[in-house]
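Okay, here's what each chain looks like letter by letter:
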Amino acid sequence: MSSPALMEDLVEEILLRFPPHEPACLVRAALVCKRWCRFISGPGFRRRFRELHRTPPLLGFLYRSLIDSDGANLTRFVPTAAFCSPQVEIRSWRPLDARHGRVLFRSPLEISDLEELMVWDPITDEKRKLPIPPRNAFSWTAAVLCSGAGSCDHLDCHRGPFLVVFVGSDSVETFIYTYSSDAAAWSKPICIQDAEGRFYSLMRSPLVGNALYFGFSGTNKALKYDMELREMFWIQLPSTCSNLGLRVLTTTEDGRLGLVTADGNKIYMWSRKAGSNDAGWTQNRVIELERLLPSDAILTSPDVLCFAEGIHVIFVRSNNVLFTIDLKACKVKKVCKGKGIRAVVPYMNFYTPAG
């Protein structure tokens, strides 16, 4: 290889190894010269960058908080890296879920007579609204994901087609509709008898393999939806956590369903055993928050609000302060402070200039 060609290859190899959780590094490198900018903004570099790092970094999170005494609320996007979303405040819209580069919101009734859903891409600021299914539900929630969930590697699919899975319940049964952005329509519903309680809309729904899991309040069960088989199953949660605080369904390092909850100043973590839908649970970790959080943060019992899939980070609220805890490194970071923090939804994606 000639010297100029060798240098270009070396430069690209160096740029590929920039940390994905610090996107400002690539932005600054793109400003060095036109050649570097061409490398970094090209689709080939973008693909290789994602293939090398595989796991999308945490770019930020959304949270909802009360802003006045009449119950009005505001959703804010808080960056955790040098990433600036085109929109940082979204009044009244409530975040439900985020996955594969998209964020899902529901509108409150005060905006219009009919509730809507909205899918938002924080990188491009593209928004798409869709109506909720026609069937009345006294309790419901929803999740968003890439339409190729079983076959896509999700490295660069946030511009592609997507699915929204809507799960609701009435006094008789629980039902699921699936919205396809390609068809711009909802599927026919599938149903299961017996409604187990109210869906816990503040809890994100983890994706484990081809299955989504939805949590409830007031019951010790969760709903498993197998998207490949289009079947629903009730699964039992650990009996010992029924009287604990907020429960968050998660994914484990080995790709199984997990559960995290807090009691007093301790965090308890479970993993579900492999096997049938009747498989049991194993408690595999207890975290002493007194050793991690500042002393003034444990004056009140902390609550686990959310879990970031793939990077094993949990969000813990205590005394009006929101912290992230890296479960692998046992590192704590204060990320937000304010009254009424709830409905935390982490946003993970790769970001490259012109990406």
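Let me sum up the structure you'll find in this document. (Residues numbered from 1 in each chain as written. Predicted model: local features only at pLDDT ≥ 70, side-chain atom pairs only at ≥ 80, totals over all residues. Heavy atoms only, no water.)

It is worth spelling out empty space enclosed by the protein at this point. Counting across every chain of the model gives 1 cavity of 30 Å³ or more. Quantified by volume, the largest cavity comes out at close to 50 Å³. Surrounding the largest cavity, Arg204, Ser205, Pro206, Val248, Leu249, Leu305, Cys306, Phe307 and Glu309 form its lining. Mapped by element, the contributors of at least two residues to the lining of the largest cavity are strand 18 (247–251) and strand 22 (303–308). With 3 residues, the top contributor of residues to the lining of the largest cavity is strand 22. Here the lining of the largest cavity is composed, by residue class, of 6 nonpolar, 1 polar and 2 charged. (1 Å grid on protein atoms, 1.4 Å probe; cavity = no way out; pocket = protein on both sides within 12 Å on 5 of 7 lines; lining within 4 Å. Points joined across faces, edges and corners; volume = space filled by probe spheres on them. Helix = DSSP H or I, 4+ residues; strand = E, 2+ residues; numbered from the N terminus. Nonpolar A, V, L, I, M, F, W, Y, C, P; charged D, E, K, R; others polar.)

What the largest pocket holds in volume is close to 710 Å³. As for the largest pocket, its lining consists of 28 residues, and the residues nearest its centre are Pro56, His100, His154, Glu309 and Gly310. Those elements that place two or more of their residues in the lining of the largest pocket are strand 4 (94–99) and strand 14 (207–208). For the lining of the largest pocket, the class distribution of residues is 8 nonpolar, 12 polar and 8 charged. The space that makes up the second largest pocket amounts to roughly 460 Å³. Lining the second largest pocket are 18 residues; nearest its centre among them are His21, Leu58, Thr80, Val313 and Lys333. Where the lining of the second largest pocket is concerned, the elements lending two or more residues are strand 24 (321–326) and strand 25 (331–337). For the lining of the second largest pocket, the element with the highest residue contribution is strand 25, accounting for 4 residues.

Okay, the pairing of strand 2 (residues 73–79) next. The element strand 2 is largely enclosed, with a buried count of 5 among its 7 residues. With 3 bridges connecting them, strand 2 and strand 3 (residues 89–91) associate as antiparallel partners. The residue bridging arginine 76 from the neighbouring strand is glutamate 89, located in strand 3. (Buried < 20%, exposed > 50% of the residue type's maximum accessible area, 1.4 Å probe, protein only. Pairing = 2+ DSSP bridges.)

Pairs may arise between side chains of opposite charge once their charged atoms sit close together. A full pass over the atoms with the stated rule returns 13 salt bridges. One salt bridge connects glutamate 13 with arginine 17, and the closest N-O pair in it is separated by 2.8 Å. Among the salt bridges present, the one from lysine 266 reaches glutamate 288, with a minimum N-O distance of 3.8 Å. In this pair, lysine 266 sits in strand 20 (residues 266–272) while glutamate 288 sits in strand 21 (residues 281–288), placing the two residues 22 residues apart along the sequence. According to the relative accessible area criterion, glutamate 288 is partly exposed, its value standing at 28%. Via salt bridges that share partners, Glu12, Glu13, Arg17 and Arg48 belong to a single interconnected network. (Salt bridge = Lys/Arg side-chain N within 4 Å of Asp/Glu carboxyl O.)

Spatial ordering of the open sheet is given by 22-23-24-25, a layout of 4 strands whose pairing is antiparallel. Strand pairing shows two members of the sheet lacking a second neighbour, strand 22 and strand 25, which therefore form its edges. Averaged over all pairs of adjacent strands, the angle between their axes in this sheet comes to 25°, without regard to strand direction. Relative to strand 24, strand 23 (residues 313–318) is paired through 6 bridges, and the arrangement is antiparallel. When the bridges of strand 24 are listed, valine 316 appears paired with phenylalanine 323. (Axes fitted to C-alpha atoms, helices over the stretch in contact; angles between N-to-C directions.)

With that settled, consider the packing of aromatic side chains. Within this structure, the stated rule accounts for 13 aromatic pairs. The interplanar angle of 70° and the centroid separation of 6.2 Å between the aromatic rings of phenylalanine 77 and tyrosine 347 together place this pair among those described as edge-to-face. Of this pair, phenylalanine 77 sits in strand 2 while tyrosine 347 sits in strand 26 (residues 342–348), and the two are 270 residues apart along the sequence. For phenylalanine 77, a relative accessible area of 5% gives the class buried. An aromatic cluster is built from Trp140, Phe162, Phe166, Tyr179 and Trp186, whose rings are joined through pairwise contacts. For the cation-ring pair, arginine 106 lies above tryptophan 140, with the distance from its terminal atom to the ring centre recorded as 3.9 Å. (Phe/Tyr/Trp six-rings, centres within 6.5 Å; stacked < 30°, edge-to-face > 60°. Lys NZ or Arg CZ within 6 Å of the ring centre and 35° of its normal.)

Moving on, we get to the pairing of strand 4. Of all 6 residues in strand 4, 6 are buried, a share of seventy percent or more. Pairing between strand 4 and strand 5 (residues 102–106): 5 bridges, direction antiparallel. Opposite alanine 98, over in strand 5, you have valine 103 as the bridge partner. Remark: 2 residues form the turn of the hairpin made by strand 4 and strand 5, two consecutive strands paired antiparallel; histidine 100 in that turn has positive phi of roughly 55°.

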